[in-house]
Structure formats: structure tokens, C-alpha cells
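Here is what each chain is made of, one letter per residue.
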Amino acid sequence: MNNLKAYGLTERFMNEATMYEDMALARIIAQYKGLYKVVTEDGEHTAEISGKLRYETEELAKFPAVGDYVMITGKSGNDTTIIHHILSRRSVFLRTAVGVSDQAQVIAANIDYVFICMSLNQNFNLNRLERYLSIAWDSGAIPVIVLTKADLSEDLDGILPEVERVASFSDVLTTSVYEDNRHKFEPYLKEGSTAAFIGSSGVGKSTLINQLLGDGMLETKEIGKGDKGRHATTGREMFPSPLGGVLIDTPGMRELGVQNADLSKSFADIEEYEKHCKFNDCTHMHEPGCAVQQAVAEGLIEERRLNSYFKLKNEASYEGLSSKQIEHQKMERMFKDVGGMKNARNIAKEKRKKK
């Protein structure tokens, strides 16, 4: 299991893998069109999905993705292996798939941290940051804000307080190409951990990952008129880090559509004020006794931030739901690690019986 442990294997997945006899455990470390690269206890292999798995999978998000632990068998005659099962995901970062209506696309699975990279030049945008944070919190991983190219910022002291106000529960790191940033990531990149780097094209993700890996494994490009901000990374790929754990590089994303979002953490300030609204179903628009609108009037919440909240709430799965239905979704999210709220109740009942 030495190769797999270098790619973040934990006991949880080792135990689940014992359910599948005559198959080997692997982790997907790269994804291409129609093919995957997996690592097993004896090395790396090319892999493809079994016909049965392809036939039974209707949703795009249910297909294997980088970070997934899968069960495979060999294919006689060459080095290609066959993926038969995907082990249950501990976390998954989703975005709305481009060109596929109402479908979600998996960016990375089984991640512990999402490093949200935003450069401190023309890319900096608080609304975009709130969008990334909402999706990252919903993934089940812990988001960390990484402000790159700090050396290009003309007002770093003014920007940092703005970021910290919207960061909520997230740590904020600043990086520069003129300094060694590795020590800033040591608390997160421990053995057995997996971290994905997310952000728009050209923000410096690959430059930063190259520094953390200790060599120039990733080709990089800068934001500029010539390449229109395109990034050289075209696929998703995972790399073991000398610091410990593994890193996932992702292609730069111009837009990040919202499939689901956890607004309870990314907009905790607004949701705290709304507890004091006069009406339980307050829309925070024109109702009397709205604590949220009062907070805006008193300068406690920025109007820009409230508008961002409205926009994400409408895009995400909360659209058209009553306050009671939204609360149910929040409870389901809290217990998703044990299979949802219903399953959590069953587990609690079994524990009471044993007492």
C-alpha cells in the first residue's frame, strides 16, 4: 500500500475496499477525455470505466473523478485497468457542468481542503470569492483563501480587511512569487490529507503548486491580452507533496456555476441577523421588522454582500423553497457524513437500544 499511502490513502477507504473481493483498490490521480490514470499498490496504470458502470451511471457527477477511490481489475494484454466501483465519497467539489442542463460536474473528490486562489490584480472580486466559498463549504471540505501575487497589489492593507469580513470561518493566506510560501501551507498538507487548488485562469495556481512540489512539473502562463487569461493546465491531476499529503491542480475556471451552496457558513453574518426578523418567511426585501435590512441601514452588512447572497440563494438549490424546506436541507447537510438526517436518527436509535 506504499504507493497508495503516498497519495493520501486512509484506513476508512481500506476498510470499505474489503467489501469487494477479487478487485484491487486504486485512486484516480488524473482525468482525461474518456480515460483515467490510477495509482495502485504496485504503481500507476491507465484506466477506463467498465461497460456496466457506464450503462448504470446516468448523472455526470456519478462518474469517477480525480480524488476518487475505486475498485479495479486488470485487463489482459495491456496495462489498461477497468474501473468497476467508486467507493463512497467523503467530500466532493461540484460545479454546474458547461453545456449540460441541470447537471453537476465533479472537480475533485475526497478532499480535505479547498485552496481558493485569487490574485490581487484585475482578478480580485469579492462576489466571486463569496461564490467559491459557498460552493467549497457545501463540498464537505474546508476552504482556505489564498491571495496570490500580493506583490502586485497597490492596497494590500485595504484589501485584507475586506477579505477577512467575507471569509467567515476560513483562513486567509497571502503569497508572492518573491518569497518562499511553503511554510504557510505546512499546517494543511499533512500525511493522509488531500487539497485541491481552485481559481480562475492565470491567478498563479500552477506557479504556487510548483513551489510546493519543489520542481517545475506544471507549465504556467500569466494573465495577459495575448492568451486572454487562459491557463496551460487543461486536465485535473494529483501530485504527492514533499510537505505531506497530495495536491490536486484544476483547470482555470472563467465561470463557476452554483449547483449547491452552503450559505450558512459563507454568509453566517446575514443568517444570524435573519433569526431576529419579525417574520419567519422574511425575504429581506420590503417586510417591516426585517433585521437584515436594518443591519444594512446601520452599515453592519454591505448592500453588495446582501445582493451577492440573494444571487447565490436563487442559483442554488434554495430557489423556490420555503424557510422550512431550507432548514431541512441545512440539517441534511449537517448529517451527510452519516448518510443524511434519516440515517443519523436510525444510528441514534440503535445506540439507545444498546444502553
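Not measured: the values here are computed from a predicted model.

Engineer: What am I meant to see in the overall build of the protein chain here?
Structural biologist: On a plain count of helices and strands, the protein chain comes out with 13 helices and 13 strands. Expressed as a percentage of the 355 residues in the protein chain, the buried residues total 48%. Across the protein chain, the fraction of contacts at a sequence separation of at least 24, relative to all contacts at a separation of at least 6, is 65%. As displayed, the protein chain has an accessible area near 18200 Å², and 49% of this comes from carbon and sulfur atoms.

Engineer: In this structure, what is going on with the UniProt feature "binding site: Zn(2+)" (unreviewed entry) in the protein chain? I would like to understand it.
Structural biologist: Under the present numbering, the feature "binding site: Zn(2+)" (unreviewed entry) in UniProt falls on Cys 277, Cys 282, His 284 and Cys 290. When you line up the elements, Cys 277 lands in the loop between helix H9 (268–273) and helix H10 (291–297). A relative accessible area of 9% places Cys 277 in the buried class. Dropping the residues within four chain positions of it, Cys 277 is found in contact with Cys 282, His 284, Gly 289, Cys 290, Ala 291 and Val 292. As for its placement among the helices and strands, His 284 is situated in the loop between H9 and H10. Judged by relative accessible area, His 284 falls into the buried class, the value being 2%. The residues contacting His 284, other than those within four sequence positions of it, are Glu 274, Cys 277, Cys 290, Val 292, Gln 293 and Phe 310. At 2.7 Å, the side chain of His 284 and the side chain of Glu 274 are in polar contact.

Engineer: It is not clear to me how a negative patch on the surface should be interpreted in this structure. Could you clarify?
Structural biologist: On the surface, a cluster of negative charge is contributed by Glu 154, Asp 155, Asp 157, Glu 162 and Glu 302. One can find Glu 162 in helix H5 (residues 156–167).

Engineer: Teacher, can you tell me more about the packing of helix H4 (residues 126–139) against helix H11 (residues 303–315) here?
Structural biologist: When two helices pack together, their arrangement is given by the angle between their axes and by how far apart the axes lie. Between H4 and H11, whose axes approach to 10 Å, the crossing angle comes to 45 degrees. In this view, H4 runs oblique relative to H11, as classed from their interaxial angle. In the crossing of H4 with H11, the sense of the turn from one axis to the other is right-handed. Contacts between H4 and H11 involve Leu 126, Asn 127, Glu 130, Arg 131 and Ser 134 from the former and Arg 304, Arg 305, Ser 308, Lys 311, Leu 312 and Glu 315 from the latter.

Engineer: I would appreciate a short explanation of the packing of aromatic side chains in the present structure.
Structural biologist: Each aromatic ring pair is specified by the distance between its two centres and by the angle formed by the two planes. Under the definition given, this model contains ten aromatic pairs. Judged by centre distance (5.2 Å) and plane angle (75 degrees), the ring pair of Tyr 113 and Tyr 188 falls under edge-to-face. Of the two residues, Tyr 113 is situated in strand S8 (residues 113–119) and Tyr 188 in the loop between helix H6 (182–185) and strand S11 (194–199); the sequence distance between them amounts to 75 residues. Take Tyr 188: its relative accessible area is 9%, and that puts it in the buried class. On the basis of an interplanar angle of 40 degrees and a centroid distance of 4.9 Å, the ring pair of Phe 115 and Phe 197 is categorised as tilted. Residue Phe 115 is found in strand S8, and its partner Phe 197 is found in strand S11; the two are separated by 82 residues along the sequence. Three or more aromatic residues link up through ring pairs in this structure, and these residues are Tyr 113, Phe 115, Phe 185, Tyr 188 and Phe 197.

Engineer: What's the story with the nonpolar core in this structure? I'm lost.
Structural biologist: The nonpolar side chains of a soluble globular protein tend to be buried with one another. Leu 25, Ile 83, Phe 93, Ile 111, Val 114, Phe 124 and Leu 129 are the most contacted members of the largest nonpolar core, which totals 51 residues. With six residues, H4 is the single largest residue contributor to this core. Cys 117, Val 144, Leu 189 and Leu 213 belong to the second largest nonpolar core, which has 18 residues in total.

Analysis parameters
Residues numbered from 1 in each chain as written. Predicted model: local features only at pLDDT ≥ 70, side-chain atom pairs only at ≥ 80, totals over all residues. Heavy atoms only, no water. Helix = DSSP H or I, 4+ residues; strand = E, 2+ residues; numbered from the N terminus. Buried < 20%, exposed > 50% of the residue type's maximum accessible area, 1.4 Å probe, protein only. Contact = heavy atoms within 4.5 Å. Areas by Shrake-Rupley, 256 points an atom, 1.4 Å probe, with all protein chains shown as cover. UniProt positions renumbered as here; feature names shortened; annotations may be inferred. Polar contact = N/O pair within 3.5 Å; in protein donor to acceptor, adjacent residues only side chain to side chain. Patch = residues over 30% accessible without salt bridge, like charges linked within 9 Å, V, L, I, M, F, W, Y side chains within 5 Å. Salt bridge = Lys/Arg side-chain N within 4 Å of Asp/Glu carboxyl O. Lys, Arg positive; Asp, Glu negative; His and termini not counted. Charge placed at Lys NZ, Arg CZ, Asp CG, Glu CD. Axes fitted to C-alpha atoms, helices over the stretch in contact; angles between N-to-C directions. Parallel < 35°, antiparallel > 145°, perpendicular 65-115°, else oblique. Left-handed = near helix turned anticlockwise from the far one by under 90°. Phe/Tyr/Trp six-rings, centres within 6.5 Å; stacked < 30°, edge-to-face > 60°. Core = buried A, V, L, I, M, F, W, Y, C linked by side-chain atoms within 4.5 Å.

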